[in-house]
Every structure is written in structure tokens, then in C-alpha cells.
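What follows is the residue order along each chain.
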Amino acid sequence: MPANILNLPCYKVLGIQENEHDYHIEVETTEVPAACPHCQSSSLVGFGRREQMVKDLPRHGRRVGLYIDTRRYQCRGCGKTFYEALPEMDEKRLMTKRLAQWMGKQAIKRTFSSIAEEVGCTEFTVRAVFNDYVSDLKKTIRFETPKWMGIDEIHLIKPRGVIANIQNNTIVELLPNRNKDTVVRFLHYLDGKDRIQYVAMDMWTPYRDAVRAVIPQAEIVVDKFHVVRMANDAMERVRKSLRESLTPKQRRGLMHDRFVLLKRERDLNDKERLNLEGWTKNYPELGEAYRLKEQFFGIYDAESPDEAQAKFIQWQNSIPSEITDAFADIERAWGNWTMPILNYFNHPVTNAYTESLNSLIRVMNRLGRGYSFEALRAKILFAEGVHKHKLSRPKFERKERRQAEPEPVMMYGLPGNFKNFEMGDSFARMAPKPAPEPKPYIQKSTESEKQEKNYGADISTLIRMIENGEL
Ligand SMILES: [Zn+2]
């Protein structure tokens, strides 16, 4: 039987039993302890054994149990007894470290129950391993704080806050809810929060209050998308109120043509234009609502905040009293959010961000069944291959022109003083300091070794992974 079947060099395989479902592998450690853990004496004698069972990576579709024949020793120096330490084992649970690592990674992509079944443990254990794995990830992975931050809403079981990096089109955090306290806490503990210059958001007051409280230097911008869709909603309200005065047949026709009403006038084809004229001529209120919708979109053609505000006032004054109720929400929103809405005209949010976030929101409902929020958050933020990296390095600069230099000396083989070096020994421990190196041909610049930056979970990668069922 191959001793290395486990690929764990510190264990020797003593025997294997297998059946349809499981491997039972008996092992012992290959190294004896060098010293007593209590007094460091090296005078040790055997003092019995006991078998410990731990789980390991499943293989060939079978669950794997390792039965470790653990040795107990007595120290001649202090008389105390102890069990040998077991390398490669998880500190908290009866499983190998590599199993815990694998379970954590798998739990980001799969349901806890399927992993529990494959490994042969309880779902409770999978959840515990997963929580540890995610909290380790949180400690090691740090996303760059966005200069342009987006705070939006995403539905995962219920509405959640989503924090984005707009310039890089990535997600950097998911918050369990949209409360002010939650956002305040997030922003408060964020490294580099002073560098946030702009925060784009939908018109949700708790977000605005949180940003003003913690990062008052940041300018709040309301994305065009969130404002103009209110004009569509207003027009829909007028259409629906008209419905009651129609015959069932007309009603169906209007239902059918609502897409024409929602389209921008400039995008209509001849047939649609004719259709629209039919409705707006026969129902002047609907015609007025359509005109107001179009003119409201037109405000966004303005080239400055002042021009936009003037256009808005003009627009507001043109609302006929019969349909003023339908447009009351827009007037209220504009009144409450005037500055953030107008900030957009100086600092527009990129369409790419708005569009990709909306696509993500659309595919998000394919996630969700059978996962807790924590699991979904980890899937989105930490799935393998989802991160957008960039090397932070200085601009390329042409190297200095070489003077006529002698050819660099190439080194063949090891320098003489490497000869006493035994193959089994750790290279790091044994290797003597090498002689001063000849000037290498390829010069490494310390500048280029700067840390890679991680911008968070790339939204388009997330969409692709969700669509392919990879998340
Ligand atoms: Zn001792």
C-alpha cells in the first residue's frame, strides 16, 4: 500500500478498509516528539496509545476517516505525561486542516447540506467551519476604499444595502439591512474613509443621514436613473386612473400600448408614434402626462446644475392641476433632495455602473434559496475568481541608457560553501549567506514589488457566474 496515498508526509498509512461509502484509514505520525512540552527535556518514554478519529478530504466519492494511533509519552525529567502533537489538524475540530479549508471554499459555492453529506458530518459543523473560514478571509482580504462610492439597495431574501466602487464597477460590501445605524457603523470602521469624495445613492434618507454624519466631506449624488424613473411611475399613475373610464376592450388596448407610453419619444417608430397619437388625442390627460414625462427626462440634457434647476421650475409650473397628484412624488423628491440631484450635473454617475448593478439585481433572485444572508454575502464578496485586482505600481519609465559594461557573470551550480548542505534539511535553515551576487542582468526594482490592490467583487464577473450557476 503506498504510504503517500494521503499526501500528508507527516503521517504513515498503516492500513485501509473501504466500503461503498467510506474509507477507514489507519495512520500514525512519522516523527516522534523531540522534547517534553512542559520542561523541554528530551528524555521521553512511551506511555501507551489511543486511537483518535478525524475526518479528512472525501475522495473517490467516499467519506474519509483517519484513525490516528496517537502515542502518549512520559517525561523522565519532570514525570509528566503528554500526547504527541498531531500536525496538519484543525485546532477546533476533529478534522484535518485541509478538510476545513476545502469545506470553507466549497461552502461559498454549495449548500451546507450537500457538503455535510459528502464529508460525513453535520450541517452544524459545516456552518461553524464556514463562519471561521469567512472571518479569516475578512482578516486577510482588504478591498480598496472607493473614491466614488455607491450605496444602493439589493434584494437578498429582504432589502439589503450594497456598497460599490463605482469607478471600478465592483462590490465592496453587503450590509444586512438599510438602516442608518448599519451604514454609520460600516462607514465609521472603514479604512481610508476620509478619501471618499462622492457617494451616489438612491433617495433613501437613512443613507444620506449616515453619510452626512460620518463622512461629511463626501458629496452626495443622486443618480439620474433613480430620478427619471419617477416620471415613468407618475405617467403610469395617470394611465391607471384613466382605466376606470374605459370599456374592457379599450382597457386591454391601453395595457398593450403602455410600453409605447414608457418609451422615449425619440425612440418611437412610425407605427408606435401613430399609436401614441391615438391615445393622447383621445385622452388629453394621458397626453399631458406623456409630455411631462418626456420633458422631465429632458431636464437631464442640461449642462449645469443651474440650468437643470431652471428647467425643473419651468417643468413644475407646467403641470396641469388635473394630474398634479400623480406628479406630487417627483416634486416632493426634488424638493427634499435638490442638492444631491443637482450634484449629478457636475459629477455624473457612469452608466456602466448603473446598468451593471441593475443587471446584477435582476439575476440575484437566482441565488438565495437555502442560504443565510452571511453565506450569500460571502459568496458575493469572496467567491474564487471574482475579485478585481490591479497592481499599484509607478508609471513605466525608460531605463537609463547602458554604458559599455562588461557582460554579467552567470553562475552555474551552487557556490562552494553549499556543499555541506544535506538534501533533507530545510533550505531556509541550512543555506549559508550566498556570496555577494554579481550584478544580475534583469534588475529588480523595489518599486515594482508593491502590493496588489483588490477592488472587490467585479459586478460583471458576478453576473456571469450567477448566470452559469457557478455561485
Ligand atoms: Zn518534562
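Residues numbered from 1 in each chain as written. Predicted model: local features only at pLDDT ≥ 70, side-chain atom pairs only at ≥ 80, totals over all residues.

## Side note on the overall build of the protein
Looking only at helices and strands, one finds 17 helices and 12 strands in the protein. For the protein, buried positions account for 24% of its 471 residues. The long-range share in the protein, meaning contacts at least 24 apart out of those at least 6 apart in sequence, stands at 61%. (Helix = DSSP H or I, 4+ residues; strand = E, 2+ residues; numbered from the N terminus. Buried ≥ 20, exposed ≤ 12 C-beta atoms within 10 Å, placed from the backbone. Contact = placed C-beta atoms within 7 Å.)

## A look at the packing of helix H1 (residues 97–109) against helix H3 (residues 123–140)
Between H1 and H3, the least distance of the axes is 8 Å, while the angle of their chain directions is 90°. As summarised for this structure, H1 and H3 are arranged roughly perpendicular, according to the angle between their axes. Residues Ala100, Met103, Gly104 and Ala107 of H1 touch H3, and the partners they reach there are Val126, Val129, Phe130 and Tyr133. Its residues assigned to classes, the contact of H1 with H3 shows 7 nonpolar, 1 polar and no charged. (Axes fitted to C-alpha atoms, helices over the stretch in contact; angles between N-to-C directions. Parallel < 35°, antiparallel > 145°, perpendicular 65-115°, else oblique. Nonpolar A, V, L, I, M, F, W, Y, C, P; charged D, E, K, R; others polar.)

## Focus: the nonpolar core
Counting residues in each nonpolar core, the largest one holds 78 residues, and the members touching the most others are Ala107, Ala164, Val199 and Ala289. Residues contacting Ala289, with those up to four places away along its chain left out, are Ala234, Met235, Val238, Ile323 and Ala326. The next biggest cluster of nonpolar side chains, apart from the first, holds 7 residues, and it includes Leu6, Tyr11, Leu66 and Ile68. (Core = buried A, V, L, I, M, F, W, Y, C linked by C-beta atoms within 7 Å.)

## A look at the confidence of the model for the protein
Any segment with low pLDDT has predicted coordinates that should not be analysed in fine detail. Residue-level pLDDT values for the protein average 86, and 86% of them are 70 or greater. Mean pLDDT values over the elements of the protein span from 40, in helix H16 (residues 427–430), up to 98, in helix H11 (residues 305–317). Segment residues 405–435: pLDDT under 50, and 11 contacts once partners within four positions in sequence are set aside and those in other chains are kept. Ignoring residues within four places in sequence, the model shows residues 440–449, a span with pLDDT below 50, making 5 contacts including any to other chains. (pLDDT = per-residue confidence, 0-100.)

## Remarks on unusual backbone geometry
One non-glycine residue, His60, lies in the positive phi region at around 50°. Inspection of the secondary structure puts His60 in the loop between strand S3 (44–59) and strand S4 (62–75). Positive phi outside glycine occurs at Glu88, with the angle close to 70°. Here Glu88 lies in the loop between strand S5 (81–83) and H1.

## Quick look at the pairing of strand S6 (residues 148–156)
For S6 and strand S9 (residues 198–201), the ladder comprises 4 bridges, and the chain directions are parallel. Residue pairing in the sheet places Trp148 in a bridge with Tyr198 of S9. By the bridge criterion, 8 bridges tie S6 to strand S7 (residues 158–165) in an arrangement that is antiparallel. Each residue of the ladder has a partner; that of Ile151, found in S7, is Ile163. Between S6 and S7, which pair antiparallel in sequence order, lie 1 residue; one of them, Ile157, sits at a positive phi of approximately 70°. (Pairing = 2+ DSSP bridges.)

## Notes on helix H5 (residues 205–214)
Of the residues making up H5, those classed as buried are Tyr207, Arg208, Ala210 and Val211. Looking down the long axis of H5, one finds its buried residues gathered within 165° of arc, a one-sided arrangement. In H5, the exposed positions that point more than 90 degrees away from the buried face belong to Thr205 and Arg212. (Arc of directions from axis to C-beta.)

## A look at the environment of Ala85
Structurally, the position occupied by Ala85 is in the loop between S5 and H1. With 48 residues separating them along the chain, Ala85 and Pro37 place their C-alpha atoms 9.6 Å apart.

## Here's the deal with the environment of Ile330
Looking at where Ile330 falls in the secondary structure, it is placed in helix H12 (residues 328–336). Exposure remark for Ile330: the 22 C-beta atoms within 10 Å place this residue in the buried category. With 100 residues separating them along the chain, Ile330 and Met230 place their C-alpha atoms 6.2 Å apart. Apart from the residues lying within four places of it in its own chain, the contact partners of Ile330 are Met230, Ala231 and Ala234.

## Topic: the packing of helix H4 (residues 180–188) against H5
Two elements in contact, H4 and H5, have axes separated by 8 Å at closest approach and are oriented at 35°. Judged by the sense of rotation from one axis to the other, the crossing of H4 with H5 is right-handed. In this structure, H4 contributes Lys180, Val183, Val184, Leu187 and His188 to the contact, and H5 contributes Pro206, Tyr207, Asp209, Ala210, Ala213 and Val214. A class-by-class count of the residues in the contact of H4 with H5 yields 8 nonpolar, 1 polar and 2 charged. (Left-handed = near helix turned anticlockwise from the far one by under 90°.)

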